[in-house]
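# Descriptive analysis of the structure
Read off the chains here:
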Amino acid sequence: MVVHVNAATSVDGKLASRRREQLAISGPADFARVERVRAANDAVMVGVGTVLADDPSLTVDDAELVAEREERGAPPQPTRVVADSTARTPPDARVLDGSAPTVVLVASSAPAERVAAIEDAGATVVSAGAERVDLPAAVDELAARGLVDVMVEGGGELIFSLFEASLVDELSVYVGSTLIGGRDAPTLADGEGFVADYPDLDLVGVERIDDGVLLRYDC
Ligand SMILES: NC(=O)C1=CN([C@@H]2O[C@H](COP(=O)(O)OP(=O)(O)OC[C@H]3O[C@@H](n4cnc5c(N)ncnc54)[C@H](OP(=O)(O)O)[C@@H]3O)[C@@H](O)[C@H]2O)C=CC1
Ligand SMILES: Nc1nc(O)c(N)c(N[C@@H]2O[C@H](COP(=O)(O)O)[C@@H](O)[C@H]2O)n1
């Protein structure tokens, strides 16, 4: 199992503004790279905060990349995965539009009627954890379903939890040349934050793309 976190930040480490609206930090070449990373993975995962803020599709749109997946015997699209403890994913969200398989990870305490609405929209609901999605159990469950290479696109709450659980194998951060600011703006890793035992990453790549820099780390 390989968990690869990929995200784009401003020079000051923000994922978006304090309004938490979707913001294009990547340029065209970086978005094309992100699409290639999606296509190389079995699953593309986000937290429900990103679904509510961005309403992403998380699909591979480039027909050549879809064809390449099919040539190697993979399904045309990676499976979309949402970490959503209380089943807040709206039934009309793009991740539930049927254009790719979707797994929604919930806690066992998630309200049954909201779980049913997500299932009615065509997603597979997987329960892991009592009150909040238990990420180690969830990734094991994904692997058992053949989803072994997982790309995580954010946001900051989910990314922090994955680092806290020592589940991240690779991190790619595209640092765009824009400054967002704001103490309440989401950052690459939010959550409670570390106060000791800070993850020590191994810088393995630096590349200029568009007007920013892609930093790659082994974790
Ligand atoms: N620039 C970029 O590359 C990206 C930017 N973004 C931006 O980030 C923002 C959204 O980020 P953020 O608000 O942090 O949302 P996240 O996408 O990280 O989702 C956070 C939510 O995920 C749920 N969740 C379920 N299980 C867990 C767990 N074990 N650990 C942590 N979270 C869990 C929680 O809700 P619950 O408790 O209900 O389960 C939590 O509130 C938006 O502004 C978006 O535009 C997002 C992705 C990429
Ligand atoms: N790599 C990257 N660069 C940015 O500038 C971004 N804003 C994001 N956001 C992520 O991409 C998702 C959008 O996906 P779709 O295009 O709708 O498929 C968004 O939800 C974030 O996860 N990423």
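About the thresholds
- Residues numbered from 1 in each chain as written.
- Chains lettered and ligands numbered in written order.
- Predicted model: local features only at pLDDT ≥ 70, side-chain atom pairs only at ≥ 80, totals over all residues.
- Helix = DSSP H or I, 4+ residues; strand = E, 2+ residues; numbered from the N terminus.
- Rg over C-alpha atoms; globule rule 2.2 N^0.38 Å.
- Buried ≥ 20, exposed ≤ 12 C-beta atoms within 10 Å, placed from the backbone.
- Contact = placed C-beta atoms within 7 Å.
- Near = placed C-beta within 6 Å.
- Nonpolar A, V, L, I, M, F, W, Y, C, P; charged D, E, K, R; others polar.
- UniProt positions renumbered as here; feature names shortened; annotations may be inferred.
- Pairing = 2+ DSSP bridges.
- Axes fitted to C-alpha atoms, helices over the stretch in contact; angles between N-to-C directions.
- Parallel < 35°, antiparallel > 145°, perpendicular 65-115°, else oblique.
- Left-handed = near helix turned anticlockwise from the far one by under 90°.

## Quick word on the overall build of the chain
Helix and strand counts for the chain come out as 6 helices and 9 strands. Compactness check: the chain gives a C-alpha radius of gyration of 17 Å against a globular reference of 17 Å for 219 residues, within 12% of the reference. Its C-alpha atoms put the chain at 45 × 45 × 30 Å along the principal axes. Counting only residues that meet the buried cut, the chain has 38% of its 219 residues in that class. The contacts of the chain with a sequence gap of at least 6 include a subset with a gap of at least 24, amounting to 70%.

## Regarding the site of ligand 2
Surrounding ligand 2, one finds 17 residues, the nearest of these being A8, I25, S26, D54 and P56. Elements represented by at least two residues in the shell around ligand 2 include exactly helix 2 (48-54) and strand 6 (149-154). A per-class count over the shell around ligand 2 returns 9 nonpolar, 6 polar and 2 charged.

## Here we look at unusual backbone geometry
Of note, the bond from G154 into G155 is cis; its omega dihedral lies within 30 degrees of zero at -5°. For G155, the location among the structural elements is in the loop between strand 6 and helix 6 (156-164). For D55, which is not glycine, the phi dihedral falls at a positive 45°. By secondary structure assignment, the location of D55 is in the loop between helix 2 and helix 3 (63-71). Taking the number of C-beta atoms within 10 Å as the measure of exposure, D55 has 13 and is therefore partly exposed.

## Quick notes on the site of ligand 1
Within the structure, ligand 1 sits among 31 residues, and G47, G49, S85, G154 and G155 are positioned closest to it. Listed by contribution, the elements that provide at least two residues to the shell around ligand 1 are strand 1 (2-9), strand 2 (43-47), helix 2, strand 6 and helix 6. When residues in the shell around ligand 1 are grouped by element, the largest group, 5 residues, is from helix 2. A per-class count over the shell around ligand 1 returns 13 nonpolar, 10 polar and 8 charged.

## Looking at the UniProt feature "domain: Bacterial bifunctional deaminase-reductase C-terminal" (unreviewed entry) in the chain
Here, UniProt's "domain: Bacterial bifunctional deaminase-reductase C-terminal" (unreviewed entry) annotation points to residues 3-215. Between the C-alpha atoms that bound residues 3-215 there is a distance of 16 Å. The span itself is 27% helix and 23% strand.

## Comments concerning the pairing of strand 7 (residues 170-175)
On a regular strand, each side chain points to the face opposite its neighbour's, so the side chains alternate between the two faces of the sheet. Inspection of the sheet shows strand 1 paired to strand 7 by 6 bridges, in the parallel sense. Bridge pairing links H4 to E170 in strand 7.

## Regarding the sheet that holds strand 8 (residues 202-209)
An order of 5-4-3-2-6-1-7-9-8 is seen for the 9 strands of this open sheet, with the pairing classed as mixed. Each of the sheet's edge strands pairs with one partner strand only, and the pair in question is strand 5 (124-127) and strand 8. Each adjacent strand pair in this sheet contributes to an overall mean axis angle of 20°, direction not counted.

## Description of the environment of A143
With respect to the secondary-structure elements, A143 resides in helix 5 (residues 135-144). With 15 C-beta atoms packed within 10 Å, A143 lands in the partly exposed category. Note: C-alpha distance between A143 and M1 (142 residues apart in sequence) is 6.7 Å.

## What about the packing of helix 1 (residues 28-40) against helix 3?
Packed helix pairs are specified by the crossing angle of their axes together with the interaxial distance, meaning the distance between the axes. Between helix 1 and helix 3, the shortest axis-to-axis distance is 10 Å and the interhelical angle comes to 20°. Judged by the inter-axis angle, helix 1 sits roughly parallel to helix 3. In terms of crossing hand, the pair formed by helix 1 and helix 3 is right-handed. Note on element contacts: helix 3 touches helix 1 through L65, E68 and R69, opposite E35, R36 and A39.

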